[in-house]
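# What the coordinates show
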Amino acid sequence: MNLPPQFITQTQSLLGDVEWQKLSEALEEPQPISIRLNQNKIDKYGICLSQDIFESIPWCESGFYLSARPTFTYDPLFHSGAYYVQEASSMFIEQIVKQHLPHKNIVALDLCAAPGGKTTLLRSLLPSNSLLIANEIVRKRAQILSENLLKWGHPDVIVTNNSSEDFSEYTNMFDLIVADVPCSGEGMFRKDEGAIAEWSVENVDVCWKRQRDIISSIWHSLKPGGLLIYSTCTYNTKENEENVAWILDTYGAQSLPVQIEDSWNITRSLYSKTLNTYRFMPHKTKGEGFFVSIIQKPLEEDDVVEFRFPKEKGKNKKRITAQEAINNKIFEESINWINNSNEVYDSVVYNDTLFAFPKLYMPYLQLYQKEKMCIVHAGTPIAYIKGKACIPHHALALSNLLQINTFEKVEISYEQAIAYLRKEAITLPAMTSKGFVILTYKNMPLGFVKSLGNRSNNLYPTEWRIRSGYMPQHLLTL
Ligand SMILES: C[S@@+](CC[C@H](N)C(=O)[O-])C[C@H]1O[C@@H](n2cnc3c(N)ncnc32)[C@H](O)[C@@H]1O
């Protein structure tokens, strides 16, 4: 590996000769492959995966190392959200969340969220009835984040495409903010050669300053007593411990300890011994470079700890428009498609799509809509509205809210599943009734088709389809 000379000098002086030698040898090794299972779906549909290629990741219950790299694009279970491909070190977030989150529903912001590794993990771990706002500043990446969250299937999310400054006005809104900040990416050198090419001393300087700007812009939106998870995938102390020390000094905050096992070989602070920070170094732990700390905002006695929603002036009962009446009717018709027995969800229409969104958090959604935050999706998209008709949304097939028994279900073979994901025509069994049919692969919903008798229309989203006609010779799937 052709590492930048200044990176070598800097990291050698940080770690010492012996540790540096071990790290540089580890960087020549192949990177470990790991996934995290979507336990919700696996339990709901009773899926059995080929367990023999799994080895547990000790700090994450649903995380597993794989002994070989599956052909993820050609694995239908990957597309149905049965698992997420995530680097093992960053799954350590699980320990932080389990040890420090209160046992009550919370509102959390994942500020730099794409492609969604930590977001999907967090979404699985938050106390029930919590809301997660997943934000990404880069538009294209926000789309990928949205796709990954729709596949993950949890309904209580809002995906936004905003800058951190856009959140700065929401004083005391969040109980938890995760800031997995953009960094110089030294810990990704083994995984991503582009990170080596982009590295420079100047870029490290740009990064640590930008990270402070990001934290400054969202600090007021964290509730007093609230928690900030700060993380990077780099080794230098400027972007790591020095930035954590800066946050503690500037805001009078404290870093909280996380209980860890000695066998995990996690490295503590390389800067000030009083800081509670945790590093994953590839020569000590099976994973890529990762740094994390959990920081608590101080709580003063006279602090207001709740966000105050602005008062609506002259809020008279508005007359319902004709289209709203149609939308309400469509929601009533399609409400059977989702599990809403406790009437936890209400309907929202956005860009001709009907969404189910938790009633409890409607004021948040309405506020973001009013203030022109850029919402990519919110809750569970249930249906596309076409005039007076509605067509089940692909995301419904992947959602935890899906009432699968309200649709006719057809189990398909591996070859048919790949054809479906390529948006090719699927021939259904002769007895299939006309209408919307859900296709399952290994019992897990993959998506909808519209059955026309002997033929069917493939409703898989065009922008998600597998574009390549190539089929690998030696397939490894889960
Ligand atoms: C380390 S990545 C996030 C990885 C993600 N948390 C995950 O686990 O999959 C950092 C993200 O921050 C975004 N970003 C870049 N500049 C930013 C800025 N000024 N403010 C907020 N986010 C930014 C990047 O586009 C990138 O998606």
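Residues numbered from 1 in each chain as written. Predicted model: local features only at pLDDT ≥ 70, side-chain atom pairs only at ≥ 80, totals over all residues.

## A short note on the overall build of the protein
Summing up its helical and strand segments, the protein has 14 helices and 21 strands in all. For 478 residues, the compact-globule estimate of 2.2 N^0.38 gives 23 Å, and the C-alpha radius of gyration of the protein, at 24 Å, lies within 12% of that figure. In terms of overall dimensions, the protein has C-alpha extents of about 70 × 65 × 35 Å along its principal axes. Expressed as a percentage of its 478 residues, the buried residues of the protein come to 42%. Once local pairs closer than 6 in sequence are excluded, the contacts in the protein between residues at least 24 apart make up 73%. (Helix = DSSP H or I, 4+ residues; strand = E, 2+ residues; numbered from the N terminus. Rg over C-alpha atoms; globule rule 2.2 N^0.38 Å. Buried ≥ 20, exposed ≤ 12 C-beta atoms within 10 Å, placed from the backbone. Contact = placed C-beta atoms within 7 Å.)

## A short note on the site of the ligand
Residues in contact with the ligand amount to 18 residues; listed here are only the nearest, Cys-112, Gly-117, Lys-118, Asp-180 and Pro-182. Counting residues per element, the ones that place at least two in the shell around the ligand are helix H6 (117-125) and helix H9 (201-218). Classifying every residue of the shell around the ligand by side-chain character gives 8 nonpolar, 5 polar and 5 charged. (Near = placed C-beta within 6 Å. Nonpolar A, V, L, I, M, F, W, Y, C, P; charged D, E, K, R; others polar.)

## Points about unusual backbone geometry
The step from Ala-114 to Pro-115 runs through a cis peptide bond, and the omega angle for that step is 5°. The topology assignment puts Pro-115 in the loop between strand S5 (107-110) and H6. The phi dihedral of Asn-172 falls on the positive side, at around 60°, and the residue is not glycine. A positive phi angle, close to 60°, is found at Asp-352, a residue other than glycine. Among the secondary structure elements, Asp-352 is positioned in the loop between strand S13 (345-350) and strand S14 (353-358). On the neighbour-count criterion, Asp-352 (13 C-beta atoms within 10 Å) is partly exposed.

## Brief notes about the pairing of strand S19 (residues 435-441)
When you tally the buried positions in S19, you get 5 out of 7 residues, the bulk of the element. Across 4 bridges, the pairing between strand S18 (residues 408-411) and S19 is parallel. Within the sheet, the bridge partner assigned to Val-410 lies in S19 and is Leu-439. Bridge analysis of S19 against strand S20 (residues 444-451) gives 7 bridges, and the strand direction is antiparallel. Bridging across to S20, Gly-435 finds its partner in Ser-451. Hairpin connection between S19 and S20: a loop of 2 residues separates the two successive antiparallel strands, and Lys-442 in this loop has a positive phi of roughly 50°. (Pairing = 2+ DSSP bridges.)

## Describing the UniProt feature "binding site: S-adenosyl-L-methionine" (unreviewed entry) in the protein
The positions that UniProt labels "binding site: S-adenosyl-L-methionine" (unreviewed entry) are, in the present scheme, Cys-112, Ala-113, Ala-114, Pro-115, Gly-116, Gly-117, Lys-118, Glu-136 and Asp-180. The greatest C-alpha distance among the residues just named is 12.6 Å, despite their covering 69 residues of sequence, which places them together in space. Aside from chain neighbours lying at most four places away, what touches Pro-115 is Arg-141, Ile-144, Leu-145 and Asn-148. If near-sequence neighbours (up to four positions away) are discounted, Gly-116 is found in contact with Ala-134, Leu-145, Asn-148 and Leu-149. (UniProt positions renumbered as here; feature names shortened; annotations may be inferred.)

## Some details on the UniProt feature "active site" (unreviewed entry) in the protein
The feature "active site" (unreviewed entry), as given by UniProt, occupies Cys-233 in the numbering adopted here. What Cys-233 contacts, discounting residues up to four positions off in sequence, is Cys-183, Gly-185, Gly-187, Met-188, Glu-288, Gly-289 and Phe-290.

## Remarks on the domain arrangement of the protein
Interface size is often expressed as the accessible area that is lost when the parts come together. What the domain assignment reports for the protein is domain 1 (5-30 + 86-296), domain 2 (322-398) and domain 3 (407-464). Here the C-alpha centroids of domain 1 and domain 3 sit 40 Å apart. (Domains from an automatic or database assignment.)

## What about the sheet that holds strand S4 (residues 83-85)?
Ordered in space as S2-S3-S1-S4, the 4 strands form an open sheet in which the pairing is antiparallel. Taken across any chain shown, the strands that pair with only one partner, and hence form the sheet edges, are strand S2 (54-57) and S4. Across this sheet, the average inter-strand angle for adjacent strands is 35°, counted without regard to direction. Alignment of strand S1 (residues 33-37) against strand S3 (residues 60-66), held across 4 bridges, turns out to be antiparallel. Across the sheet, the residue bridging to Arg-36 is Gly-63, located in S3. (Axes fitted to C-alpha atoms, helices over the stretch in contact; angles between N-to-C directions.)

## Here's the deal with the packing of H6 against helix H7 (residues 139-152)
Look at H6 against H7: their axes get within 10 Å of each other, and the N-to-C directions meet at 30°. Classified by the interaxial angle, the pair formed by H6 and H7 is roughly parallel. For the crossing formed where H6 meets H7, the hand is right-handed. For the pair H6 and H7, contact is made by Thr-119, Thr-120 and Arg-123 and by Leu-145, Asn-148, Leu-149 and Trp-152, respectively. When the residues that make up the contact of H6 with H7 are grouped by side-chain class, the tally is 3 nonpolar, 3 polar and 1 charged. (Parallel < 35°, antiparallel > 145°, perpendicular 65-115°, else oblique. Left-handed = near helix turned anticlockwise from the far one by under 90°.)

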